[in-house]
Amino acid sequence: QSIDIRPVNKPQQVAIDQKSLNTTNVAKVPTSTSVAPTQSAKQAAKPAAVAMNNNQKNNSQWQWPTNAKVTKLFSVKEQEYNKGIDFSGNLNDPIYATKAGKVVYSGEGLRGYGKLIIIKHDELYLSAYAHNNELLVHEGDDVAQGKIIARMGKTDSPHVKLHFQIRKNGQPVDPSGYLKIAAK
């Protein structure tokens, strides 16, 4: 399953599977992660931040969204098409914000994705977290990197999982280039 997030005619909006979201009130987040998690969030955030590949222009660091096992990687092959990474875990495992940003969507109005969170990190990047059991943040919330934003679930999925995407300019990009899949 995939989430279609793309820019629309107005720069303050994004479209997600035919639904347009107004992001006028979404503050621009600096590309450096100047918003630091609290001490308790640091302790709760087990995934380590890892540097992006050198060929990527944004040299900020991205943190793993979960400690769960990777079950399906990003793929553009027709038989294996996946616009993100799927993780298999236990019901209510914590889901972490991969970078600081502002929540632009938190709900279950998009069929096929269950309870979904979308975070806008800056003018280029969004991250999406699908199939959650519990959403712990709301639209408009500022989130620090490493903050627990949701609990893993199986809404609109037969199995407990997280479907995670990174979007650059509205287009899906392979998260492994940001998270370094082989290093996990």
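Read on for an overview of the structure. None of the values given here were measured: they were computed from a predicted structure. (Residues numbered from 1 in each chain as written. Predicted model: local features only at pLDDT ≥ 70, side-chain atom pairs only at ≥ 80, totals over all residues. Heavy atoms only, no water.)

1. Digging into the side chain of Lys102
Here Lys102 is to be found in strand E9 (residues 101–107). According to the relative accessible area criterion, Lys102 is buried, its value standing at 9%. At 3.0 Å, the side chain of Lys102 and the backbone oxygen of Gly140 are in polar contact. (Helix = DSSP H or I, 4+ residues; strand = E, 2+ residues; numbered from the N terminus. Buried < 20%, exposed > 50% of the residue type's maximum accessible area, 1.4 Å probe, protein only. Polar contact = N/O pair within 3.5 Å; in protein donor to acceptor, adjacent residues only side chain to side chain.)

2. Overview of the side chain of Asp122
For Asp122, the position within the fold is in the loop between strand E10 (115–120) and strand E11 (125–135). A distance of 2.8 Å separates a polar side-chain atom of Asp122 from the backbone nitrogen of Leu124. A distance of 2.8 Å separates the side chain of Asp122 from the backbone nitrogen of Tyr125, its partner in a polar contact.

3. So, unusual backbone geometry
At Asp156, a position not held by glycine, the phi torsion is positive, near 55°. One can find Asp156 in the loop between strand E13 (148–152) and strand E14 (161–168). Given a relative accessible area of 43%, Asp156 falls into the partly exposed group. The phi torsion at Asn169 lies on the positive side, around 50°, for a residue other than glycine. Relative to the helices and strands, Asn169 resides in the loop between E14 and strand E15 (171–173).

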